[in-house]
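Listed below, chain by chain, are the residues.
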Amino acid sequence: MSMDIKNIIFDFGGVLMDWDPRYFFKDYFQDDKKMEYFLTHIAQSEWNEQQDKGRSLAEGTEIQVKKFPEWEKEIRAYYDNWTVMLKSDIPQNVEVLRKLKHTKYQLFGLTNWSEETFPYALENYDFFQIFEGKIVVSGTEKLIKPDPAIWHVLLERYHIQAGESVFIDDNPKNIEMAKSLGFTTIQVHPDTDLEKELISVGIDI
């Protein structure tokens with residue numbers, strides 16, 4: 001099986017980039033309980049995902065402000081301070097990506113990311129250049145993982161096969177879906193040794 005892997009597909013958030021709204025809101029609230037309430041009930045991940053799926057940040061913000069007017073200041077602060085939430089790259093995984101650049105494998109990105117905020121990451125982190133533009137962004141496609149349609153966009157656009165591809169993500173739902181579509185998968189946790197995991201599925205690094 002492992003012999004015919006030709007493609008390695010990376011998710012970005014949680015794999016190559018360390019993004020978490022808490023990096024901003026921890027100082028903003030200075031009250032963890034209040035912060036967690038806000039992120040669970042007001043600016044919850046389902047809301048943020050709609051922006052990742054193509055809704056504009058402005059529209060998303062207004063919708064939430066209308067629903068929770070008493071949290072208006074905090075909701076507006078969310079996308080105004082988005083770059084603070086993008087703390088840094090995840091160096092040990094980026095190092096693996098840099099090594100892969102010099103191998104025979106084709107490298108791709110498949111990310112749930114707003115079309116409006118992704119350019120900031122692209123400009124500020126040089127390793128994205130390694131993908132040579134072969135990146136499928138949910139906000140641009142108006143599709144979001146784990147909808148299988150977004151994997152099909154990647155496969156069809158670049159004429160690749162799921163059975164010849166390794167898919168790397170931190171989200172268990174996305175891993176499950178990719179598996180069911182025929183990809184070899186690696187789920188990334190904070191303590192994952194990505195190079196070791198890739199070698200274990202037959203990748204030569």
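Residues numbered from 1 in each chain as written. Predicted model: local features only at pLDDT ≥ 70, side-chain atom pairs only at ≥ 80, totals over all residues. Heavy atoms only, no water.

Engineer: I tried to follow the pairing of strand β1 (residues 7-10) on my own but got confused; where do I start?
Structural biologist: In regular strands, side chains alternate between the two faces of the sheet. By the alternation rule, side chains of β1 split into N7 and I9 and I8 and F10, which are all buried. Sheet analysis places β1 next to strand β4 (residues 106-111), joined by four bridges and oriented parallel. Paired with N7 across the strands is Q106, a residue of β4. Of the strand pairs in this sheet, β1 and strand β6 (residues 165-169) are connected by four bridges, and their pairing is parallel. From the neighbouring strand, I8 faces β6, where its bridge partner is V166. (Buried < 20%, exposed > 50% of the residue type's maximum accessible area, 1.4 Å probe, protein only. Helix = DSSP H or I, 4+ residues; strand = E, 2+ residues; numbered from the N terminus. Pairing = 2+ DSSP bridges.)

Engineer: When you look at helix α5 (residues 72-80) in this model, what are you seeing that I'm missing?
Structural biologist: Count 3.6 residues to each turn of an α-helix, and residues three or four apart come out pointing the same way. Among all positions in α5, only E74, I75, A77, Y78 and Y79 are buried. Here the buried face of α5 lies against β2 (17-19), α1 (22-29), α2 (32-42), α3 (45-52), α4 (57-67) and α6 (82-85). (Contact = heavy atoms within 4.5 Å.)

Engineer: So what exactly am I meant to see when it comes to the layout of surface pockets here?
Structural biologist: If you roll a probe as big as a water molecule over the atoms, it shows you where there is empty space left. Roughly 970 Å³ of volume is contained in the largest pocket. Along the walls of the largest pocket sit 35 residues, with G13, W19, S45, N48 and D170 positioned nearest its centre. Elements with a contribution of two residues or more to the lining of the largest pocket: β2, α2, α3, α5 and α11 (172-180). The dominant element in the lining of the largest pocket, judged by the number of residues it contributes, is α3, at four residues. Counted by class, the lining of the largest pocket contains twelve nonpolar, twelve polar and eleven charged residues. (1 Å grid on protein atoms, 1.4 Å probe; cavity = no way out; pocket = protein on both sides within 12 Å on 5 of 7 lines; lining within 4 Å. Points joined across faces, edges and corners; volume = space filled by probe spheres on them. Nonpolar A, V, L, I, M, F, W, Y, C, P; charged D, E, K, R; others polar.)

Engineer: What exactly am I supposed to notice about the sheet that holds strand β5 (residues 135-137) here?
Structural biologist: By way of backbone hydrogen bonds, the strands of a sheet pair with one another, either parallel or antiparallel. Pairing is parallel in the open sheet, where five strands are placed in the order β5-β4-β1-β6-β7. The two strands at the open ends of the sheet, each matched to only one other strand, are β5 and β7 (184-187). With direction set aside, neighbouring strand axes in the sheet form an average angle of 20 degrees. (Axes fitted to C-alpha atoms, helices over the stretch in contact; angles between N-to-C directions.)

Engineer: Looking at this structure, how should I read the side chain of T111?
Structural biologist: With respect to the helices and strands, T111 occurs in strand β4. In this structure T111 comes out as buried when scored by relative accessible area, which is 0%.

Engineer: Is there a simple way to explain the side chain of N48 in this structure?
Structural biologist: Position of N48 among the secondary structure elements: in helix α3. Judged by its relative accessible area of 9%, N48 is buried. At 2.6 Å, the side chain of N48 and the side chain of Y79 are in polar contact. The residues touching N48, leaving out its near neighbours within four places in the chain, are W19, Y78 and Y79. (Polar contact = N/O pair within 3.5 Å; in protein donor to acceptor, adjacent residues only side chain to side chain.)

Engineer: Help me understand α3 in this model?
Structural biologist: Those residues of α3 not exposed but buried are W47, N48, Q51 and D52. Mapping the buried residues of α3 onto a view down its axis gives an arc of 155 degrees, with all of them on the same face. Of the surrounding elements, those touching the buried residues of α3 are β2, α4, α5 and α9 (138-141). Count one or two residues on from α3 and you reach G54, which has phi positive near 120 degrees. (Arc of directions from axis to C-beta.)

Engineer: Can you walk me through the pairing of β4 in this structure?
Structural biologist: In terms of burial, β4 is largely enclosed, as five of its six residues are buried. Relative to β5, β4 runs parallel, the two being bridged by three bridges. Across the sheet, the residue bridging to T111 is V137, located in β5. For the handedness criterion, the β-α-β arrangement of β4, helix α8 (residues 118-124) and β5 is classed as right-handed. (Right-handed = clockwise from strand over helix to strand, strands pointing away.)

Engineer: I'm lost on the environment of K134 in this one. Help?
Structural biologist: Mapping K134 onto the fold places it in the loop between α8 and β5. Residue classification places K134 among the buried positions, given a relative accessible area of 17%. Between the C-alpha atoms of K134 and Q106, which are 28 residues apart in sequence, the distance is 9.3 Å. Those residues within four positions of K134 in sequence are excluded, and the remaining contacts are Q106, L107, F108, G109 and Y158.

Geometric descriptors of this kind do not, in isolation, establish any biological role.
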